Amino acid sequence: MRTSAERSFARRAQQALADSTLRAAVRKAQERFRTGKRNAEAELGHWEAWRRLGEAIRRHTIENLDFYLEQLADNVEKNGGTVVFAATEREAVDYVVQVAREEGARRVVKSKSMVSEELHLNRALEALGVDVVETDLGEYIIQLAGEPPSHIIAPSIHKNRRQIAELFSRVAGEALPDDTPSLTRFARRQLRRAFLEADIGITGCNFAVAETGTIVLVSNEGNARLTTTLPRVHIAIMGAERIVPTWDDLDVMLHLLPRSATGQKITSYVTAISGPRRAQDADGPEAFHLVIVDNGRLDILGTAYQDVLHCIRCGACLNVCPVYRHIGGHAYGSVYSGPIGKVLTPLLGGMDEWHELPHASSLCAACSEACPVRIPLHELLIEHRTEQVTRGTRPWAERWAFRLYRWVVTRPALYRRAVRWARRLLAPLADGEGKVRVQIGPLKGWTAQRDLPLPARQSFLDWWEEEGRKEAARQHEPRTEGEGRDGERSA
Ligand code: SF4
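Calculation rules
Residues numbered from 1 in each chain as written. Predicted model: local features only at pLDDT ≥ 70, side-chain atom pairs only at ≥ 80, totals over all residues. Heavy atoms only, no water. Near = heavy atom within 4 Å. Nonpolar A, V, L, I, M, F, W, Y, C, P; charged D, E, K, R; others polar. Core = buried A, V, L, I, M, F, W, Y, C linked by side-chain atoms within 4.5 Å. Buried < 20%, exposed > 50% of the residue type's maximum accessible area, 1.4 Å probe, protein only. Contact = heavy atoms within 4.5 Å. Helix = DSSP H or I, 4+ residues; strand = E, 2+ residues; numbered from the N terminus. Pairing = 2+ DSSP bridges. Axes fitted to C-alpha atoms, helices over the stretch in contact; angles between N-to-C directions. Patch = residues over 30% accessible without salt bridge, like charges linked within 9 Å, V, L, I, M, F, W, Y side chains within 5 Å. Areas by Shrake-Rupley, 256 points an atom, 1.4 Å probe, with all protein chains shown as cover. Salt bridge = Lys/Arg side-chain N within 4 Å of Asp/Glu carboxyl O. Expected span 1.5 Å × (residues − 1). Arc of directions from axis to C-beta.

Visitor: Just checking my understanding: could you explain the site of the ligand for this structure?
Guide: Near the ligand there are 13 residues, and of these Cys311, Cys314, Gly315, Cys317 and Cys371 occur at the shortest range. Looking at the shell around the ligand residue by residue, the class counts come to eleven nonpolar, one polar and one charged.

Structure, rendered in structure tokens:
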């Protein structure tokens, strides 16, 4: 799961915050995606009804996952494919490596697959001496850069055109112009060659239709179609939750996914694959393998986090997240970034290692609002935090600080005295605008990133009481003749 050598989220976030190119690129892309989604929702109409329908389908599927997994596997096998259930990352990788070995593969082309990133599959294939080429343009860019994806649907969202031109120029051995047509022309030339030479094509799976055993891929570049058609072997890798029961259900998902992801009515290509090439087919692979990956997903079933399995990986939650906006995807340190990553990564990778992620949120709930299948992401983040507190895994300083806070706020007289004392103690540390900057102790980190205003000269409670006293005094003032109760002169 880990994609960064730097183990502290705070350090990674600081590095990202200092990178103005990254921040500008992420901001621009986020705005483009968000506007596109808003327009696409309005154009479709009844967006809330579509979301509820999507949520119902995902809930039903996940609640009956064992049944649909079996149905899917049976149908893929009926179609002539091979199905493998991989309980762990190791099992999934070993299977793909074994197929590559048996096929004597020297080159593999891949279309975008987040689950293969999760498995670090490229590394294992490269160790076998296989040349792996990512064929999604964004994935190709980050492969050349030696970086992991920084967004679920736009893996190179953090790169601008100049940086991409530098990467491509390195491969070309000459300086390429940084205009989009030249860059895409160069990538196309490189990738076409790779498609023609590949022995195996590896794809992800946006949805698997259980009733017919069909893998569905949505893409905009046509690379998925070439990956699944030209090489003699196709291996599709899917997370165990990526099932829809029927084609009618898929129809709903295809209304939600492209609109939420890129603001498109439909992607340029929707590819449906039901097994290997049949005798009457003009093209297609000789062999088709479906690797269904658990890797911790099935442990989420029946827990408070089950809704996270409804995710259709559209990336909409990333596009509205204020934290993602400032730090991009790499700072999360995991394959899955943004709000979905903050919920999912600790579940798949373990809370001990990923304990910081649920705290990288302002809990504004914009992600939950954006999610096309209504996953309550902010509530799941609170659930993670609650669990950390219940298990007593938060730092002792934080635990004692909250205990002390509770002790004080449940004693009103003490609380008011404490606020007055806090003002006196903090006043020397305040700047001209009344913002406190603490340079030592646990508050140092807090005030480095946030404003800590000096407590007001008079607390609200003190002001309220004072106003009450003044009002009472006014009520008891003797009235002069001709004045009403409120001091008005009567007619
Ligand atoms: S959690 Fe929702 S918004 Fe985020 S990627 Fe998944 S489906 Fe999309």
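Visitor: Looking at this structure, how should I read the nonpolar core?
Guide: What tends to happen in soluble globular proteins is that the nonpolar side chains get buried as a cluster. Residues Leu125, Ile237 and Leu290 are the most contacted members of the largest nonpolar core, which totals 104 residues. Dropping the residues within four chain positions of it, Leu290 is found in contact with Leu72, Val76, Thr82, Val83, Val84, Ile215, Ala236 and Met238. Ala165, Leu183, Ala187 and Phe195 belong to the second-largest nonpolar core, a separate cluster that totals 16 residues.

Visitor: What exactly am I supposed to notice about unusual backbone geometry here?
Guide: Most peptide bonds take the trans form, and the phi angle of most residues other than glycine is negative. One non-glycine residue, His46, lies in positive phi territory at about 50°. One non-glycine residue, His120, adopts positive backbone phi at about 55°. Along the chain, His120 falls in the loop between α6 (114-119) and α7 (121-127). Residue classification places His120 among the buried residues on the basis of a relative accessible area of 17%.

Visitor: What am I meant to see in the sheet that holds strand β7 (residues 233-239) here?
Guide: With respect to topology, six strands assemble into an open sheet ordered β1-β10-β7-β4-β2-β3, the strand pairing being parallel. Each edge of the open sheet is held by one strand with a lone partner, namely β1 (82-86) and β3 (131-134). Taken pair by pair, the neighbouring strands of this sheet meet at an average axis angle of 20°, ignoring direction. One ladder, built from four bridges, connects strand β4 (residues 200-203) with β7; its direction is parallel. Each residue of the ladder has a partner; that of Thr203, found in β7, is Ala236.

Visitor: Even after reading the chapter, I still don't get the sheet that holds strand β6 (residues 214-219), so can you show me in this structure?
Guide: Hydrogen bonding along the main chain pairs the strands of a sheet, whether they run parallel or antiparallel. Sheet architecture is open: four strands sit in the order β8-β5-β6-β9, paired in mixed fashion. Two strands bound the open sheet, and with one partner strand each, they are β8 (243-244) and β9 (269-273). Where strand β5 (residues 207-209) meets β8, two bridges bridge the pair, whose relative direction is parallel. In the strand pairing of β8, Ala208 is matched with Ile243.

Visitor: Any chance you could explain a nonpolar patch on the surface here in plain terms?
Guide: Taken together, the side chains of Phe402, Tyr405, Val409, Tyr415, Phe460, Leu461, Trp463 and Trp464 make up a nonpolar region of the molecular surface, amounting to roughly 880 Å² of accessible area. Those elements that provide at least two residues to the nonpolar patch are α20 (396-409) and α23 (460-476). It is α23 that provides the largest number of residues to the nonpolar patch, a total of four residues. With respect to the helices, strands and loops of the structure, Tyr405 is situated in helix α20. The class for Tyr405 is exposed, based on a relative accessible area of 51%.

Visitor: It is not clear to me how helix α19 (residues 377-391) should be interpreted in this structure. Could you clarify?
Guide: One turn of an α-helix holds 3.6 residues; hence residues three or four places apart share an orientation. Over its 15 residues, α19 extends 21 Å from the first C-alpha to the last, a length consistent with the 21 Å expected when each residue adds 1.5 Å. Those residues of α19 that sit buried are Leu377, His378, Leu380, Leu381, His384 and Gln388. Relative to the axis of α19, the buried residues are bounded by an arc of 165° and lie together on one face. Of the residues in α19, the exposed ones pointing more than 90 degrees away from the buried face are Val389 and Thr390.

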